[in-house]
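Structural description and commentary
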Amino acid sequence: MKSEAEARRAVELYADTVRRICFLHLKNHSDAEDVFQETFLKYVLRAAPFESGEHEKAWLIRVAVNACKDVYKNFFRRKVLSLEALDSEPSYNMPDSGRAVLDAVLALPEKYRNVVYLFYYEGYSAVEIASLLGKNENTVYTWLSRAKAKLKDALGGDFADE
Amino acid sequence: MNRIKDAFSAIRAEDALKAGTTRFMQAEIQKASAKKRPAGKRIAFASAAFAVLFFFGALSYISYFTPTAFLDFDINPSIELSVNRFGSVIEAHAYNREGEQILSEANLKYKTYQDATRLIVDAAVGGGYLRDEAMISVTLQTDNIDEENQMLISVESSMAAAVSEHHIAPRAEVFPVSAEVRIEARGQDVSPAKYLAILALQKVDPAATVDSCRDHSIGEIRGLTREHHGGAGEIESGGRQASGGPDSDMGHHGGGHHEAITLP
């Protein structure tokens with residue numbers, strides 16, 4: 001089990017990354033909070049040391065993605081959403097163009113969202129994403145290509161040129 | 001792609017979420033630490049438990065394998081049984097070849113002394129050593145007076161039951177001896193009963209030695225003593241028999257406390 005200092009450090013370093021993964025998959029703040037805490041609890045309970053900071057980050061991303069999948073698989077939670085939960089999703093301060101990009105990403109099929117985020121934001125290569133998500137490398141390339149096309153359709157022709 | 005990066009940059013973990021998660025993890029860590037006994041304490045606890053177990057184990061072992069009583073049978077096969085405080089035979093020693101023969105046929109170790117008594121009688125009958133006119137001398141040496149009385153009665157009962165099963169009525173005597181008598185006898189490698197019979201013979205025939213009498217039965221040694229004595233009276237070293245007097249038939253058991261026979 002990790003120490004309290006290690007737990008604080010992990011939250012400081014990786015909170016935003018885990019939160020973004022939650023944002024990609026979960027529709028309400030309550031589920032996002034559950035997955036966020038569950039991910040860091042698993043981190044604290046892990047006895048084996050990490051080989052490096054990169055290994056640590058990749059591990060947390062994988063755990064967060066899997067925890068989101070578990071929530072999504074839960075039929076009851078997927079279908080039943082309280083009004084309170086719907087109201088609790090925080091609004092982020094960003095220009096309309098930013099909101100449009102996020103809406104376009106969230107409109108992508110579930111499986112494309114992770115690769116878009118990991119590739120465009122976190123800067124992982126397709127090979128690294130394949131290893132991280134436990135998918136075939138070619139599958140990741142295909143998903144990236146299709147996601148890019150859909151985003152181009154949604155955000156306009158200039159998107160692909162950026 | 002800067003538009004994607006910029007858009008995701010706006011998504012940040014809320015301070016309340018980070019603070020709540022940190023508190024939650026601290027609570028879990030503290031809970032786990034409280035449950036987990038420190039390694040030092042665990043080792044100390046395990047060591048103490050092992051020491052207690054080892055102590056009682058060793059005590060039980062020592063207690064079981066420490067003889068508290070010695071039963072010596074002399075039919076002519078001569079055997080000594082070492083008996084522990086639980087009444088189990090922990091060692092059997094043969095004084096002569098006939099005794100070795102009996103021990104090779106009857107496994108007496110870890111049997112109760114009552115069962116061992118019956119097995120010795122059975123083997124002696126089977127070996128042709130015990131017949132109607134034969135003589136069984138049994139001596140008991142123990143430092144526990146309560147145990148002594150109980151064991152004398154039990155040995156008498158066991159012998160009576162065993163001989164009655166074989167429909168024979170040999171003469172028998174069961175009496176206590178002192179530790180000194182047993183040790184002296186053991187030093188001469190004869191049973192205490194035979195040793196006392198030889199001492200009685202030596203009083204009337206100083207030429208008699210343990211070696212010259214070793215291969216004779218107690219009945220024969222007492223016969224020689226009577227001859228030298230002029231055939232009169234009883235032999236003082238002969239101890240007492242099951243019924244309270246020497247050379248009585250089995251089946252007439254006396255009660256009361258027997259005085260251990262000591263060296264003159």
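1. Describing the nonpolar core
Within the largest apolar cluster, 60 residues are counted, with the highest numbers of intra-cluster contacts made by F40, V105, V116 and L151 of chain A together with F8 of chain B. Among residues more than four places away in sequence, those in contact with F8 of chain B are R20, L24, L102, V105, Y117 and Y121 of chain A. By size, the runner-up hydrophobic cluster in this structure holds 31 residues, among which are V83, I102, A116 and A123 of chain B.

2. Concerning a nonpolar patch on the surface
A surface patch of nonpolar side chains, amounting to about 400 Å² of accessible area, comprises V52, F55, F56 and L59 of chain B. Relative to the assigned elements, F56 of chain B resides in helix α3 (residues 39-64).

3. A few points about the confidence of the model for chain B
Counting all residues, the mean pLDDT for chain B is 84, and 85% of those residues have values of 70 or more. The low-confidence segment residues 232-257 of chain B, where pLDDT is below 50, has 64 contacts with residues more than four positions distant or belonging to other chains.

4. Describing the interface of chain A and chain B
Contacts between the two partners involve 40 residues from chain A, matched on the other side by 25 residues from chain B. Summed over both partners, the interface of chain A with chain B buries about 3,100 Å², with 71% contributed by carbon and sulfur atoms. Counting the contacts that link chain A with chain B gives two salt bridges. A salt bridge links D16 of chain A to R12 of chain B, with the nearest nitrogen and oxygen atoms 3.4 Å apart. Where chain A packs against chain B, one counts six residue pairs in polar contact (both at pLDDT 80 or more). For the side of chain A that touches chain B, the secondary structure elements donating two or more residues are α1 (4-25), α2 (29-45), α6 (96-106), α7 (110-121) and α9 (137-155) of chain A. Residue classes in the side of chain A that touches chain B are distributed as 24 nonpolar, five polar and eleven charged.

5. Comments concerning helix α5 (residues 113-126) of chain B
Residues and elements named next belong to chain B. Along its 14 residues, α5 runs 19 Å from first to last C-alpha, staying within 8% of the 20 Å computed at 1.5 Å per residue. Regarding α5, the residues found buried are Y113, A116, T117, I120, V121, A123 and A124. Seen along its axis, α5 keeps its buried residues to an arc of 165°; they face one direction.

6. Thoughts on the pairing of strand β2 (residues 78-84) of chain B
Residue and element names in this part refer to chain B. Taken across its seven residues, β2 has seven buried, putting it largely inside the fold. Summarising the sheet, strand β1 (residues 67-74) and β2 pair through seven bridges and their orientation is antiparallel. Bridge pairing in β2 links F73 to I79. Bridging between β2 and strand β3 (residues 89-94) involves five bridges; their strand directions are antiparallel. Bridge pairing links E80 to H93 in β3. Taken together, β2 and the strand that follows it, β3, pair antiparallel across an intervening segment of four residues, in which G87 is found at a positive phi of about 85°.

7. A short note on the pairing of strand β5 (residues 171-176) of chain B
All names here are of chain B. Counting buried residues along β5, five of its six residues qualify, which places the element largely inside the surrounding structure. For strand β4 (residues 135-142) and β5, the ladder comprises six bridges, and the chain directions are parallel. Each bridged residue has a counterpart across the sheet, and for V138 the counterpart in β5 is V174. You can see the chain leave β4, run along helix α6 (residues 145-165) and come back into β5, and the turn it takes is right-handed.

So, how was this worked out
- Residues numbered from 1 in each chain as written.
- Chains lettered and ligands numbered in written order.
- Predicted model: local features only at pLDDT ≥ 70, side-chain atom pairs only at ≥ 80, totals over all residues.
- Heavy atoms only, no water.
- Core = buried A, V, L, I, M, F, W, Y, C linked by side-chain atoms within 4.5 Å.
- Buried < 20%, exposed > 50% of the residue type's maximum accessible area, 1.4 Å probe, protein only.
- Contact = heavy atoms within 4.5 Å.
- Patch = residues over 30% accessible without salt bridge, like charges linked within 9 Å, V, L, I, M, F, W, Y side chains within 5 Å.
- Areas by Shrake-Rupley, 256 points an atom, 1.4 Å probe, with all protein chains shown as cover.
- Salt bridge = Lys/Arg side-chain N within 4 Å of Asp/Glu carboxyl O.
- Helix = DSSP H or I, 4+ residues; strand = E, 2+ residues; numbered from the N terminus.
- pLDDT = per-residue confidence, 0-100.
- Buried area = accessible area lost by both parts, 1.4 Å probe.
- Polar contact = N/O pair within 3.5 Å; in protein donor to acceptor, adjacent residues only side chain to side chain.
- Nonpolar A, V, L, I, M, F, W, Y, C, P; charged D, E, K, R; others polar.
- Expected span 1.5 Å × (residues − 1).
- Arc of directions from axis to C-beta.
- Pairing = 2+ DSSP bridges.
- Right-handed = clockwise from strand over helix to strand, strands pointing away.

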